[in-house]
Amino acid sequence: MLNQHSEHAPATNELLELNYSVNKLICVNSAKHGYSEIPLDQHMVLYGGNNQGKTVTLNMMKLLLFPDTNFKDCSNKFAFRSSNGSEFSAVKSYGFFFPSDHSYIILEGENPEGVYCMILYRSRGQDWGFGRLFVACDFASIRHLFWQVDAQDFAADLSYGAIKKGVKELPHVQVSDAADLAQMMYAGHSSADPKIRKFSVFPLLGEATAESIEAFRRIYQLAFDTSASHDKTLPMAIATLIEMQRSRPEERLDANLLQMAEEHEQLVEKGNWLQRLKNCTPAWETCMRAFVQAQSDYVNYSKQHNALDRLASKQRASMVSDKQQAQEQFEQVRQQLNSLKQQGRELQQELLRREGGRKRLQSQCDKWQADISKAKQLMSGYASMTESEVVALYTELLADADKKVQEYQSVESMQQRFADLQRQIKDFKSERESLTLAIEQRTPSIAEQVTADEASKLAAINRDLAGASIALSASTQRTFAEFLALFTMTGNALSLQQYELRTLIVQPFDPAQTRAQQQQRRQQLDERIQDKEAEMREIAAAMKQKNISESLAKVKKERDETQRELALVRGLATYTEQLREAQDELASDAQVTQQLQEQIAHITAEMEPLEQLYNRCHQHKIELDKLDQQLSQFRDRLKRMFDAVCPLALLEENIPDLELNEAALVAVERLQQRYHANMTEFKHHFDQLLRDLQPPEIENHVLRTRIEDFQGPIGLLQHQFETYEYDYEQHLKNIRAHNQYVNNQLRELHDAKDQIHSMVATLNQELNRKTISNLSEIRLELTLHPTFLKLLNTLDQHSIEDETLLDGSFYQEIRNFTAKHFHKRSRQLKLKDIIEKVSYSYLHANASARVKEGQSGGTTSTVTAFVLSVLLKQIVKRGCTMRLPIVVDEIGTLDRRNTEAVVSQIIEHGFTLFCATPNYSPVLNLTVGRSLELGIVKVRQVQVHQCEMHVLPEHINVFGPVADEA
């Protein structure tokens, strides 16, 4: 049995080889695994029913060995498929392998620098992304970061931050860039940096190019997809192997057939161009003569135009300076004059403003004076009364007038008013009789019968009581004295037992004044009685004639007049004070007005000489403007000539001395006309030459008007005609070089064909070193593209001469081929492009007819495993061994002999067998040597939903003599 052979099968030169291997797969909360450690450097068969995690466990190898950092384009990169062949999306795959931030997939590997671990973790900064952390140690050294062996449980903190912190003392590298990752994994073995060499995973043969990495990816994918990968994978793998075995990149097939066809077109076009040059030589000479004449006229015209323009510019500069000085002097005088005018206007405005204010104030004074006169006239009627008493009287009259207005609103109210008047008249008459009795009988008032201080106090308390004419007995006098003694006087204030009566003002009581007031009061009562009686008559007449509205209007008028008189009496003191202040202000304003008038007179005197100077400056400006206008006419004529024919810009020493006058201007205009005529003739010859010659560097339909516009095209044409002989000889050399290049390409294509057949023959020899059950002569069948073979046949039929271009049909055949097989970007023909298909066939024992692939699942898996081991061995760098698990899914479909052959083949090429089947097989156990039944053991405490499988080395079953090796 094959399990009796050593799994390592050392070669005779093992000590000279550099050994690389992947030793162990660790799953943490990923792909249904809670925590598992699965050895990869030993043969292993996985048992489990459907959806138990067999295939996904095998698929983890692709995540570890392919240099990717995310699940984007998942179907092309990983080709994860379900049992029915449907592809898993990026979202589903990401959620399956990295369902949590605590999900990790870890590979322990080994290379000549030592043991290392590659930790795959879920990345947060990238959609469906995962990162890689490389640590230079074995997994046993960091197991505690993920799993507690004694507690048989997860580590307390499985965050990536905790993992990163746990390895910070160890050599480690975190890689997130896919290009850097690919170089470290596949080309790190050749790096000069020992830190990079520590983490070399797979020593790829040759350079780690995108093509070689893709070849490895497709070859390894063969184990997972045996039905549809050969047509794409094997052609690419074989071509890449050939290219990888060449020592230098320039030796690889990189045929640019399209370049040959393009070069042919260029050479044909160049020959046609040289022939046109030869035919157009006479026309070129005629055109060149016309160009030289036009150029000579143009130079003469430019010299004279530059001379006159220089003179005009100098005179213009002098004129500008003179005008500037005149303008500055004019502006200076104008500003001084305007400043004085502005001062005068401001003073005049101030004078007018003050005059207007004076008139308004004088008008107000006149009004106040009139109001004061009216108020004094009103007060004169009440000479014995104080101003406050007069105001009180008018206030009473106004209140009575307001009441009167209210009572004149209707007949009923007027009747009531009539009754009130009767009662008032009665009261007034009664009061008059008392006053008459007091005046005529000379009965002393109460104030006259007490002391002067007592009289003042009593008058402050009640003036009417103090003036009442009542004879007091001695006892009554004492009573008054005792009562008034309760009050004390402090200045004009009256207090009662230290309580100040602020509303009572003490004034000396004058009996004579009181008597005069009594007489005046009697006179007022007479007037009031007369007024009331007159009003009664008016009311009676109004009610009789029913003209209440007229009476109401009269009453309102009287009320308004009373209100005006009250306002005059009240405002007498205010009007007097305002009049005094206004008169003072008028006196002060008169002085200011006098000063303003004096200032205006002074400014007027200063303005007179300035106005004379202003007029002289203005006249000087007019004269300069007239001279400037004459100069501008000369400059305009020069400008029109310049616009018509722009002259050359010449150095000072090349410009002649001329005078700026009419004759000189006419001479320049004639030179311009002659140049224009010669240019017209030259353009005719030039346009005809372009139509006949068709030079590619010169555009025919470009507008060219100046002689400078033709300098470039004439220079190009002159160079072309002068170098014709040299260009013709060079053209013949280019044809010879092109033909030599075509010969080289033909040889390279023939060599490529031979190399492909040689490589397939080598692979077939390797495949038949072991016998597969009842099969014999397994052979890879190579089919080249028919169009490529047709192209080779066409190339062989053409004869290539040294200085003769091949027929155009030859290059058309090349174009037809490149249209189908060339890369649009690189425009190169690669070796894999000429292989249409690679399949395999075999012979059954004792049979003569060859059988094509796909007869049975077991046969397909066996042959695929053979091809996979051979191809993987071929892409490993020479002098290195790569111990890598070769995945064989559904190995239960193989019979025992085929299984033994597969194991033997894999061992011989230095790989391990990593396979899966749903059905338990003792024979398979003995053949492979180790087995693991998934889903039997589960973690005690599940951290992530559905991630519960638990696999440790002690869960692996060992069969036969291999147990001794373990």
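Residues numbered from 1 in each chain as written. Predicted model: local features only at pLDDT ≥ 70, side-chain atom pairs only at ≥ 80, totals over all residues. Heavy atoms only, no water.

Trainee: Which residues make up the overall build of the chain, and what values do they have?
Mentor: Along its length, the chain carries 27 helices and 21 strands. Here the chain holds 966 residues, and the buried ones make up 45% of them. Partitioning the intrachain contacts of the chain with sequence separation of at least 6 by distance along the chain shows that 75% fall at a separation of at least 24. (Helix = DSSP H or I, 4+ residues; strand = E, 2+ residues; numbered from the N terminus. Buried < 20%, exposed > 50% of the residue type's maximum accessible area, 1.4 Å probe, protein only. Contact = heavy atoms within 4.5 Å.)

Trainee: Would you mind going over the sheet that holds strand 21 (residues 957-958) in detail, with residue names and values included?
Mentor: Taken together, five strands build an open sheet; the order of strands is 17-18-3-19-21 and the sheet is mixed. Strands at the two margins of the open sheet, each flanked by one partner only, are strand 17 (885-888) and strand 21. Inspection of the sheet shows strand 17 paired to strand 18 (residues 912-917) by four bridges, in the parallel sense. The residue bridging Pro-885 from the neighbouring strand is Thr-912, located in strand 18. (Pairing = 2+ DSSP bridges.)

Trainee: How would you explain the pattern of salt bridges if you had to name every residue and give the values?
Mentor: The final tally for this structure, using the stated rule, is 31 salt bridges. Across the salt bridge formed by Arg-310 and Glu-652, the nearest N and O atoms sit 2.4 Å from each other. Of this pair, Arg-310 sits in helix 10 (residues 281-380) while Glu-652 sits in the loop between helix 18 (572-644) and helix 19 (662-693), and the two are 342 residues apart along the sequence. Here Arg-310 falls in the buried class, since its relative accessible area comes to 16%. (Salt bridge = Lys/Arg side-chain N within 4 Å of Asp/Glu carboxyl O.)

Trainee: Give me the lowdown on the environment of Tyr-920, citing residues and values where you can.
Mentor: By the secondary structure assignment, Tyr-920 is in the loop between strand 18 and helix 26 (922-928). In this structure, the C-alpha to C-alpha distance between Tyr-920 and Gly-48, residues 872 residues apart in sequence, is 8.3 Å. Excluding anything up to four places from it in sequence, Tyr-920 contacts Tyr-47, Asn-925 and Phe-959. In this structure the side chain of Tyr-920 is engaged in a polar contact, spanning 2.9 Å, whose partner is the side chain of Asn-925. (Polar contact = N/O pair within 3.5 Å; in protein donor to acceptor, adjacent residues only side chain to side chain.)

Trainee: Explain the sheet that holds strand 10 (residues 487-490) residue by residue, including any values.
Mentor: Taken in spatial order, the three strands line up as 10-11-12 in an open sheet, and their pairing is antiparallel. Two strands in the sheet have a free side with no partner beyond their single neighbour: strand 10 and strand 12 (499-505). Between one strand and the next, the sheet's axes are offset by a mean angle of 35°, whatever the strand orientation. Strand direction decides the pairing type here: strand 10 and strand 11 (residues 493-496), joined by four bridges, are antiparallel. Bridge pairing in strand 11 places Thr-490 opposite Ala-493. In this fold helix 13 (residues 452-461) packs onto strand 10, strand 11 and strand 12, with an angle of close to 95° to the strand it touches most, strand 10. (Axes fitted to C-alpha atoms, helices over the stretch in contact; angles between N-to-C directions.)

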